[in-house]
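Fold and geometry: a report
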Amino acid sequence: MKSVVLIARRELAAYLSTLSGYVIIAVVLAIDALMFNAIGLAGSKRSAEVLNQFFYLSSGMTITAAVLISMRLLAEERQSGTISLLYSSPVRDGEIVLGKFFSGLAFLAILLALTAFMPALIFVNGKVSFGHIASGYLGLLLIGSAALAIGTFGSALSKSQIVAVIISGCMVVALLTCWMLAHVTERPLSDVFTAMALHNQHFQPFQAGLVHLRDIVYYLAITYVALFAATRVLEARRWR
Amino acid sequence: MIQVQALTKYYGDHAAIRNLDFNIERGEVIGFLGLNGAGKTTTLKILGCVLLPTSGQVTIDGLNVVENPHEIRKRIGFLPDVPPLYEEMTVGGYLSFVAQLRGVAASAARERVLVAEEQMALRETDAEVISSLSHGFRQRLGVAQALVHNPALLILDEPNSGLDPAQIVEMRALMRNLRGAHTILISSHILSEISQTCDRLLIIQDGEIVAQGTEGELAQRMGGTGFIEVDVRPPTQSAVNALKAIAGVESVGVESERDGVATIRIRAPAELRPKITRALVAADVDVYRMDRAAEKLESIFLKLTRKEAA
């Protein structure tokens, strides 16, 4: 566990000391705020609807940010040759993957924390509960965690960060849109596709202020499977 | 300390190394020599537990690299051909990170960093960002990261790459200081450095070991007769003709001619020296020096690798 913390701390420091981290934060915050202003605040709505809209829009930006944050996690190590430092150290491949993932998750959490001014405005000027805001952010963190884990897996597959982000993006889009296959298949397959969808079924309760255990388990399962796959890829590279 | 038996590594269908067999005792300094693509880096990466072998057995301190890589990695310091440096970190911060990653307690890391910096003359760069370092400093930092946790086994792939002559001399002194307390494996193209630094040599060609032993043993194997060097006053033709006429002389060549002195290298048994002296005197050649000379490592290496290629 000590190695996980060490790697996570180093990686987080790298995010905060290089331009790419700040660029991601700036772009994501800017688009999030503009979209919130243009869509969330347009027309007359109840404050709960506005908050709901905020989390809906933010979930898209969170997924995008997670994929962008994750693209360098393992691909850059291989590209720059620093992976040999990790490979030759008494650190297990799972610890490398976890350390990288947690650093990305911490950075994502910082990004989400910086968006708090928007629901804070709704909270101050409207009639929403703190629980609604908390459940929305829990949902954002979970969907971000799943997307980040998928991105970590994509980053493990390729030496190029561009290719990594394309692979990760494709996997995320596939999970986002698989609910459409439910319309052209029959049960039980249609139920499977509906249940697998990254956003459609599992995020909406969070944005409405509801927390269901099944949705938490879903996102944690996606996260676990993706990180497990990333670890296996790292292990396989030693044999090549 | 290290036993390697029938070590083989395939990349797809291509065998990078095949059936390597060698042993390395504790405290030895071993030089890996070979042309580009010979299999040196692959061998070092397997010993450094970065790669796993396709077949064969490698044990380090009685531990198998396939079954116990985690334990082995605690005992080794590995420098790959490109130093694994994080550009955005400071020198001190990077070495502290590496020390802790390799098992040094956080409370002891700073002390270990200072020792490694002192050994590699990096003390003044402790607070500098790695991206601002010159190539020579980056190379020294690469060696420092391999040393920082004081490992029993050091595996250094091209440690002198990019170093200036003064830095190479310092590196040589460092290797001498580390000898005995550490087992060191060095891969290098700089044959003169290998010659001066290493106890034994392993020469790899096309994935196989073509020779192993001390430089003297390899020279013996390559011809046995050795060389005799004479410094004479030019012109050299009469000296060369006189030497070639001696029975038992295999070859005569003028090595250099500078400042009124010509050096002639004669491949002949040492016991022919009296005859050589008489022949040169009879030819009215002024002799300044006569000495036995060993086969140069460069020619040993070229002969072995060309022989295998043929």
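Residues numbered from 1 in each chain as written. Chains lettered and ligands numbered in written order. Predicted model: local features only at pLDDT ≥ 70, side-chain atom pairs only at ≥ 80, totals over all residues. Heavy atoms only, no water.

This part covers the overall build of chain B. From N to C terminus, chain B includes eleven helices and 14 strands. Principal-axis analysis of the C-alpha atoms places the extent of chain B at approximately 75 × 45 × 30 Å. When burial is assessed residue by residue, chain B has 53% of its 310 residues classed as buried. Taking contacts inside chain B between residues at least 6 apart in sequence as the whole, the part at least 24 apart equals 67%. As displayed, chain B offers around 13,300 Å² of accessible surface, 48% of which is attributable to carbon and sulfur atoms. Positive and negative charge centroids in chain B, built from 33 and 39 side chains respectively, lie 3 Å apart. (Helix = DSSP H or I, 4+ residues; strand = E, 2+ residues; numbered from the N terminus. Buried < 20%, exposed > 50% of the residue type's maximum accessible area, 1.4 Å probe, protein only. Contact = heavy atoms within 4.5 Å. Areas by Shrake-Rupley, 256 points an atom, 1.4 Å probe, with all protein chains shown as cover. Lys, Arg positive; Asp, Glu negative; His and termini not counted. Charge placed at Lys NZ, Arg CZ, Asp CG, Glu CD.)

This next bit is on the confidence of the model for chain B. Residue and element names in this part refer to chain B. Mean pLDDT for chain B: 87, with 94% of residues reaching 70 or above. Least confident of the elements in chain B is helix 11 (residues 297-309), whose mean pLDDT is 66; most confident is helix 3 (residues 91-101), at 96. With a pTM of 0.83, the predicted complex shows an ipTM of 0.88. (pLDDT = per-residue confidence, 0-100.)

Another aspect to go through is a nonpolar patch on the surface. Residues and elements named next belong to chain A. Judged by side-chain polarity, L16, Y22, I110 and L114 come together as a nonpolar surface patch covering roughly 330 Å² of accessible area. One can find I110 in helix 6 (residues 93-114). The partly exposed category is assigned to I110, whose relative accessible area is 32%. (Patch = residues over 30% accessible without salt bridge, like charges linked within 9 Å, V, L, I, M, F, W, Y side chains within 5 Å. Salt bridge = Lys/Arg side-chain N within 4 Å of Asp/Glu carboxyl O.)

A few words on the nonpolar core. Counting 140 residues, the largest nonpolar core has Y94 and L185 of chain B as the members making the most contacts within it. For this core, the leading source of residues is helix 8 (residues 130-157) of chain A, giving twelve residues. Excluding anything up to four places from it in sequence, L185 of chain B contacts I2, I24, I30, F32, L44, L47, L153, L154, I155 and L156 of chain B. Grouped together as the second largest cluster of nonpolar side chains are 18 residues, V230, V232, A262 and A268 of chain B included. (Core = buried A, V, L, I, M, F, W, Y, C linked by side-chain atoms within 4.5 Å.)

Taken together, the contacts link 30 residues of chain B with 24 residues of chain A. Scanning the region where chain B abuts chain A turns up one salt bridge. Residue R10 of chain A is joined to E88 of chain B by a salt bridge in which the shortest nitrogen-to-oxygen separation is 2.7 Å. Linking chain B to chain A there are eight residue pairs in polar contact (both at pLDDT 80 or more). The greatest single-element share of the side of chain B that touches chain A, amounting to five residues, is contributed by helix 3 of chain B. Split into classes, the residues belonging to the side of chain B that touches chain A amount to 20 nonpolar, five polar and five charged. (Polar contact = N/O pair within 3.5 Å; in protein donor to acceptor, adjacent residues only side chain to side chain. Nonpolar A, V, L, I, M, F, W, Y, C, P; charged D, E, K, R; others polar.)

With respect to the element layout, T8 of chain B can be found in strand 1 (residues 2-11). Apart from residues no more than four positions distant in its own chain, T8 of chain B is found in contact with I17, R18, N19, P53, T54 and S55 of chain B.

Residue and element names in this part refer to chain A. Inspection of the entire model under this criterion finds 13 aromatic pairs over all chains. For the pair Y218 and Y219, a centre-to-centre distance of 5.1 Å together with 70° between the ring planes defines the contact as edge-to-face. Of the residues examined, Y218 reaches a relative accessible area of 11% and is grouped as buried. For Y219, a relative accessible area of 0% puts it in the buried group. Considering the side-chain rings of Y224 and F228, the 6.1 Å spacing of their centres and the 25° angle between planes classify their relative orientation as stacked. Of this pair, Y224 and F228 both sit in helix 12 (residues 213-239), four residues apart, which is roughly one turn of that helix. On the accessibility criterion, F228 (40% relative accessible area) is partly exposed. (Phe/Tyr/Trp six-rings, centres within 6.5 Å; stacked < 30°, edge-to-face > 60°.)

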